[in-house]
2 protein chains.
Amino acid sequence: MSATVPHSLLLKNPTNSLKPTSLATQFGSFPTNLSLPTTTPKPFAITCSSAAATTTTPIPAAASTSASSNRVFNFAAGPATLPENVLLKAQSELYDWRGSGMSVMEMSHRGKEFLSIIQKAESDLRELLNIPSDYDVLFLQGGATTQFAAIPLNICQPDDVVDYVVTGSWGDKAYKEAAKFCKPKVIWTGKPDKYTNIPGFDSLEQSPDAKYLHICANETIHGVEFKDYPTPKSSNAILVADMSSNFCSKPVDVSKFGVIYAGAQKNVGPSGVTIVIIRKDLIGNAQPITPVMLDYKIHSENKSLYNTPPCYGIYMCGLVFEDLLAQGGLGEVEKKNKKKAQILYDTIDGSNGFYRCPVEKSVRSLMNVPFTLEKSELEAEFIKEAAKEKMVQLKGHRSVGGMRASIYNAMPYDGVEKLVAFMKDFQARHG
Amino acid sequence: MSATVPHSLLLKNPTNSLKPTSLATQFGSFPTNLSLPTTTPKPFAITCSSAAATTTTPIPAAASTSASSNRVFNFAAGPATLPENVLLKAQSELYDWRGSGMSVMEMSHRGKEFLSIIQKAESDLRELLNIPSDYDVLFLQGGATTQFAAIPLNICQPDDVVDYVVTGSWGDKAYKEAAKFCKPKVIWTGKPDKYTNIPGFDSLEQSPDAKYLHICANETIHGVEFKDYPTPKSSNAILVADMSSNFCSKPVDVSKFGVIYAGAQKNVGPSGVTIVIIRKDLIGNAQPITPVMLDYKIHSENKSLYNTPPCYGIYMCGLVFEDLLAQGGLGEVEKKNKKKAQILYDTIDGSNGFYRCPVEKSVRSLMNVPFTLEKSELEAEFIKEAAKEKMVQLKGHRSVGGMRASIYNAMPYDGVEKLVAFMKDFQARHG
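Residues numbered from 1 in each chain as written. Chains lettered and ligands numbered in written order. Predicted model: local features only at pLDDT ≥ 70, side-chain atom pairs only at ≥ 80, totals over all residues. Heavy atoms only, no water.

With that settled, the discussion passes to the overall build of chain A. Along its length, chain A carries 13 helices and 14 strands. The buried share among the 431 residues of chain A stands at 63%. Contacts in chain A between residues at least 24 apart in sequence constitute 71% of all its contacts with a sequence separation of at least 6. Carbon and sulfur atoms provide 52% of the accessible area of chain A, an area that totals close to 15700 Å². (Helix = DSSP H or I, 4+ residues; strand = E, 2+ residues; numbered from the N terminus. Buried < 20%, exposed > 50% of the residue type's maximum accessible area, 1.4 Å probe, protein only. Contact = heavy atoms within 4.5 Å. Areas by Shrake-Rupley, 256 points an atom, 1.4 Å probe, with all protein chains shown as cover.)

So, in C-alpha cells, the structure goes:
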C-alpha cells in the first residue's frame, strides 16, 4: 500500500488543525473550560514548495474526523450526547493512553494503569457529589434494570414489605421486578394522570414496616423530576433512588439516601456502566439466591474488581467527571441546566398552545422535556425538518409519542437555543 | 488559546504520517490484511517555504499518539491486546462515526446507526462461527460470571441435576454459583493435579438425568484447553461451554453445544460485552426468581435491546469480527495461533528444564501459556527485564504464580518471536 496521498485530498479539511482542541489533545492537557466552535473556521490553504511535502502529509485520522461543522445536536434520551472536549480527549489517547503503549481497552483491570483510572474516577465522583466516607461507590454492569433486582435481593428478605412511589415507566418496572424477591407495594402511582405529576410527600401512605422507599428521581420517558425527596416513615427504612437520567446534573445530599443507582449513559458516560452509591452498613445481607454479580458485598470487598469491569466505560466516566469538576462542580452545572430548560419550557408555554408540555410545572424535568404539537399531524414534519437542521433524536418515546428533547449536562446551551429558534420558526410557518 | 505550534514540536513525530494505517483510517477503508510496522519508519523531514505552513500544521492527536514504536507487546490475560488496525480504525471514527455527526458512544441504541452496527456484528459473527439459524446470538453484560448464574436459572429447575467437569478455577467458580439454583455435581476435577490435564471422555461418569454438562473450553489461569468436546450422556442433556478465553480463536461446531458463552475481553473486544450463543428451543423456561436481565427470553425477544446494551463494546467487537473475516476466517486464525503457540512451547520444552510448563502436552492452551523458571528466584528479574523490552503483563495469576504469556488472536507473531528470543537470551545469561 502506498504512503502517498492524492493532492486533491490534502486540503479536504485544511482547517481542522486550527481547532484549539486539536492542540489541547495533542499536548495531552485537558481543554477544560474551552468552548468549542460549532462553525468551521475560515478555510486556510497550506502552500508548500516541496512536492514531497504535498504528497506525504495526509490529513490524519483524528483531525479529519474532528470537523465540528459536521457535529449534530443530539437530543437522544440515552445513550446521549457527550462533551465534545471529552470525546476529542478520548480520541487523542485511544491508541496509546498517555505513553503506556496500549489502549485503555487493552489494559489489564489489575494493572497499575487501569487502577489509577478507576481510583481517579471514584475520587472525582466523591468530590462532585460530596459522598460521605460511610458510603461505597461501585462501578457495575447491567444497567439500572439489573439494580431493580439487586436492590431487593440485597436490602430485604422475601417476606419484607417495601414501598414504591411510581411516577413513570421506570418506577413501574422497578416495582414489578422487586415482586420476584420481596413484597413491594405501590403506595402512589401517577398512572391515572399519565405520569404528569408527583404526590405531596405528606399524603404518602407509607407502610409502617417498609424496609425501603423507592423513587425514580427523574422519569426519562415522562419528564417528571423530584425537586425534593420524601423521608421514609420508619426509622429503619431507607430511601432508594434510581437517578439514571439526572445523575450528576445537580448537587444531591447523598446522606439522605441508603442507595443511589444510575446507568451512566445519560449524563456521565457511555452505556455499559452502572454506578451504585450505597451506605456501607446496608451491605452484606444478600438473599441466598442472589447471583454473585448482584451481591454488593462481593463488589464492595473487591473495589468493583471482582470480575473484569467495563474498563473503557469507566475511563470515559472519569473523563466526564474531570470535565464536570473543571466546570466548577455540580452547582455550576445545575445553573446551566436550569438556563437550558428555562428557554425551552418558556418557548412551549409561550406558544399559545401550539406546543404543549403535559407535565405539572413544579415537577418538570431539567433533563427530559416531552412536548406535543396541538396539530399532531405536524409532528412528523417537525422531526423531519429538525433533523435537516442537524437536530436529531427529537421523537418522543414510542410509548407516549409526541416529541422529547433530552438536554443532559453535555447538551450545549447553543443546542437548546437553536432548537428554540427552530420551534418558533416552525410555529410561524405552520401556526 | 493560540492555534500556532512551536516549530520544535512540528517534527516531533514527522514519520507517523507515512504509516499506511494512517491513510487507511483516513480514507475510512479497513486495512485488512495489513501487517503493521513494529519499528518506526525512517525519519522524513517536511520542507516548506511558507512560514504559515510550518506554523499551522500541528501534529494531530491521532498521528501523534499512533507511534507504533511506542506500542508494547501486551501479554495480559484479559482485557488484552487488540488488533492495531482495529484500534486505529476506532480512533479515526471515535468523534464522528462515518459522517453521522456523533460518536458511537452517543448513539441511541434504537437509532438506525447503532442498529446497523449491532446487526452487522451479529451477521459477521454468524459467518465466522457458521452459527446455525436455530441458534440465537445475544450481546449481554456482566461477564461470564453472570452467566454462571444465568445458565442454571434458564436451563433448569431447582431440583435438576447438572454435571460440571472442572479443569480450572473458572469451571470451579461456575459450579459453585450453580449450586444456588440447581443441584450441580462435579463429575471430574483436575484439582488434585493442580489443573494440568483434562479427563478422557469415556471415563466421565455422567449423571444419567443431568440437564446439562458444563465445561470451560479454555482455562485462562491454568492454560488447559479442550481440543475436542465430550458428548452428554442423556439424549435430552446439552453441552454448555464457557469459551471466554478461546472464543473465535479457531473454528467450532456450534451445533454440538446447547449454550456457548464468552466474555469479549480476551479475543474479540473490550471488557463489558458478553456473548451468548444459545439453541432457540432452550429459551423460555427461566425460573421465577430469575432477574429479568438474566432471562434469555427477554433478550432474545428484544434482539439484545431490552435495555441499553454496551453499545461501544459491541461496536468494537464488530470491528474485530470484520478483521477476523478479512484474515480469512477462523481456519486461518487458528493456523496463526498454532504457529505462535508452537514456538513458545518449543522454547519452553527445549530449555532443558530452565523453563517449565506444567500442563499435559496434549491439552496445552493455544491462548494462555503458563510457565515457571527452574530457579524461581529469577522470575521477578525475568518479568522486570521483559518489561524493559516492552513485553508487559507476563506475571502469572496470583493464585498460581510463575509467568503466563497470553497470546490471543491479536498478539502478532512478532510479539511471540520477540518473547522467545528474550527467553533464550535470558537463559543464556542466567542458565
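Residues and elements named next belong to chain A. Mapped onto the elements, Lys250 comes out in the loop between strand E8 (238-242) and strand E9 (259-263). Among the polar contacts made by the side chain of Lys250, one reaches the side chain of Glu225 at a distance of 3.1 Å. A distance of 3.2 Å separates a polar atom in the side chain of Lys250 from the backbone oxygen of Phe226. Apart from residues no more than four positions distant in its own chain, Lys250 is found in contact with Leu129, Glu225, Phe226, Tyr229, Leu330 and Glu334. (Polar contact = N/O pair within 3.5 Å; in protein donor to acceptor, adjacent residues only side chain to side chain.)

Residue and element names in this part refer to chain A. Mapped onto the secondary structure, Glu219 falls in strand E6 (residues 218-219). Its relative accessible area of 0% is what places Glu219 among the buried residues. Along the backbone, Glu219 and Thr196 are 23 residues apart, and their C-alpha atoms lie at a distance of 10.0 Å. When sequence neighbours within four positions are dropped, the list of residues in contact with Glu219 reads Thr167, Gly168, Ser169, Trp170, Gly171, Val224, Ser245 and Asn368. Reaching out from Glu219, the side chain makes a polar contact with the backbone nitrogen of Gly168 at a distance of 3.3 Å. Engagement of the side chain of Glu219 in a polar contact is seen with the backbone nitrogen of Gly171, the distance being 2.9 Å.

So, about the packing of helix H7 (residues 143-155) of chain A against helix H8 (residues 169-178) of chain A. Residue and element names in this part refer to chain A. Their axes nearest at 8 Å, the elements H7 and H8 cross at an angle of 45°. The orientation of H7 relative to H8 falls into the category oblique. The handedness of the crossing between H7 and H8 comes out as right-handed. On H8, the residues that touch Thr145, Phe148, Ala149 and Pro152 of H7 are Trp170, Lys173, Ala174, Glu177 and Ala178. Split by residue class, the contact of H7 with H8 holds six nonpolar, one polar and two charged. (Axes fitted to C-alpha atoms, helices over the stretch in contact; angles between N-to-C directions. Parallel < 35°, antiparallel > 145°, perpendicular 65-115°, else oblique. Left-handed = near helix turned anticlockwise from the far one by under 90°. Nonpolar A, V, L, I, M, F, W, Y, C, P; charged D, E, K, R; others polar.)

With that settled, consider the confidence of the model for chain A. When pLDDT is low, close inspection of the predicted coordinates is not appropriate. Residues and elements named next belong to chain A. Per-residue confidence for chain A averages 87 on the pLDDT scale, and 84% of its residues sit at or above 70. For residues 1-67, every residue scores under 50 in pLDDT, and the model assigns this stretch 143 contacts once sequence neighbours within four places are set aside. Here the complex is predicted with pTM 0.87, and the ipTM for its interfaces comes to 0.87. (pLDDT = per-residue confidence, 0-100.)

With that out of the way, let us pick up the side chain of A:Gln91. With respect to the element layout, A:Gln91 can be found in helix H5 (residues 84-93). By relative accessible area, A:Gln91 is classed as buried at 1%. From its side chain, A:Gln91 meets the backbone oxygen of B:Gln91 in a polar contact 2.7 Å long.

What follows is about the UniProt feature "domain: Aminotransferase class V" (unreviewed entry) in chain A. In the numbering adopted here, UniProt assigns the feature "domain: Aminotransferase class V" (unreviewed entry) to residues 72-419 of chain A. Across residues 72-419 of chain A, helical content stands at 32% and strand content at 17%; the span's end C-alpha atoms are separated by 12 Å. (UniProt positions renumbered as here; feature names shortened; annotations may be inferred.)

This next bit is on the nonpolar core. Ranked by internal contacts, the top residues of the largest apolar core, which has 195 residues, are A:Phe247, A:Tyr312, A:Phe382, B:Phe247, B:Tyr312 and B:Phe382. Sequence-distant contacts of B:Phe247, that is, excluding residues within four places in its chain, are made with B:Leu125, B:Leu129, B:Ile260, B:Ala262, B:Asn267, B:Val268, B:Ile275 and B:Ile277. (Core = buried A, V, L, I, M, F, W, Y, C linked by side-chain atoms within 4.5 Å.)

The subject of this paragraph is the packing of aromatic side chains. Taken as a whole and judged by the stated rule, the model has 31 aromatic pairs over all chains. Measuring from centroid to centroid gives 4.9 Å for A:Tyr229 and A:Phe257, while their planes differ by 75°, and the two rings are edge-to-face. Of this pair, A:Tyr229 sits in the loop between strand E7 (224-225) and E8 while A:Phe257 sits in the loop between E8 and E9; the two residues are 28 residues apart in sequence, bridging distant segments of the chain. A residue is classified by how much of its surface remains accessible, and A:Tyr229, at 12% relative accessible area, is buried. Pairing B:Phe382 with B:Phe426 gives two aromatic rings, centres 5.2 Å apart and planes at 80°, and the pair type is edge-to-face. Taken as a pair, B:Phe382 in helix H12 (residues 379-388) and B:Phe426 in helix H13 (residues 413-430) lie far apart in primary sequence, 44 residues in all. The exposure classification of B:Phe382 matches that of B:Phe426, with both residues buried. Lying over the aromatic face of A:Tyr413, A:Lys339 brings its terminal NZ or CZ to 4.8 Å of the ring centre. (Phe/Tyr/Trp six-rings, centres within 6.5 Å; stacked < 30°, edge-to-face > 60°. Lys NZ or Arg CZ within 6 Å of the ring centre and 35° of its normal.)

Here we come to the pattern of salt bridges. All told, the structure shown has 48 salt bridges over all chains when counted by the stated rule. The salt bridge involving B:Glu113 is made with B:Lys112; its shortest N-O contact spans 3.2 Å. Among the residues examined, B:Glu113 registers a relative accessible area of 17% and is labelled buried. B:Lys361 is the partner of B:Asp349 in a salt bridge, and the nearest nitrogen-oxygen pair spans 3.8 Å. Separated by 12 residues along the polypeptide, B:Asp349 in helix H11 (residues 330-349) and B:Lys361 in the loop between strand E11 (355-356) and strand E12 (368-373) bring together distant segments of the chain. Take B:Asp349: its relative accessible area is 38%, and that puts it in the partly exposed class. By relative accessible area, B:Lys361 is classed as exposed at 57%. Through salt bridges with shared partners, a single ionic network connects A:Lys89, A:Glu93 and A:Arg98. (Salt bridge = Lys/Arg side-chain N within 4 Å of Asp/Glu carboxyl O.)

Residues and elements named next belong to chain B. With their axes 9 Å apart at the nearest point, H11 and H13 run at an angle of 5° to one another. Put simply, H11 runs roughly parallel to H13. Taking contact as the criterion, the partners of Lys339, Lys340, Ile343, Leu344, Thr347 and Ile348 in H11 are, on H13, Tyr413, Val416, Glu417, Leu419, Val420, Met423 and Lys424. Grouping the constituent residues of the contact of H11 with H13 by class yields eight nonpolar, one polar and four charged.

Moving on, we get to the sheet that holds strand E4 (residues 183-189) of chain B. All names here are of chain B. Sheet architecture is open: seven strands sit in the order E2-E10-E9-E8-E5-E3-E4, paired in mixed fashion. Either end of the sheet is taken by a strand with one partner, and the two such strands are strand E2 (135-140) and E4. Across the sheet, the axes of successive neighbouring strands diverge by a mean angle of 15°, strand direction being ignored. In terms of strand pairing, strand E3 (residues 161-166) meets E4 through six bridges, oriented parallel. (Pairing = 2+ DSSP bridges.)

All names here are of chain B. With 20 residues, H11 ought to run about 28 Å at 1.5 Å a step, and its terminal C-alpha atoms sit 27 Å apart, in line with that. Within H11 the residues assigned to the buried category are Leu330, Val333, Asn337, Lys340, Ala341, Leu344, Tyr345, Thr347 and Ile348. Seen from one end, H11 has its buried residues packed into an arc of 155°, which puts them on one side. Exposed side of H11, more than 90 degrees from the buried face: Lys335 and Lys339 are the residues found there. On the buried face of H11, the contacting elements are helix H6 (112-129), helix H10 (311-326), E11, E12, strand E14 (403-406) and H13. (Expected span 1.5 Å × (residues − 1). Arc of directions from axis to C-beta.)

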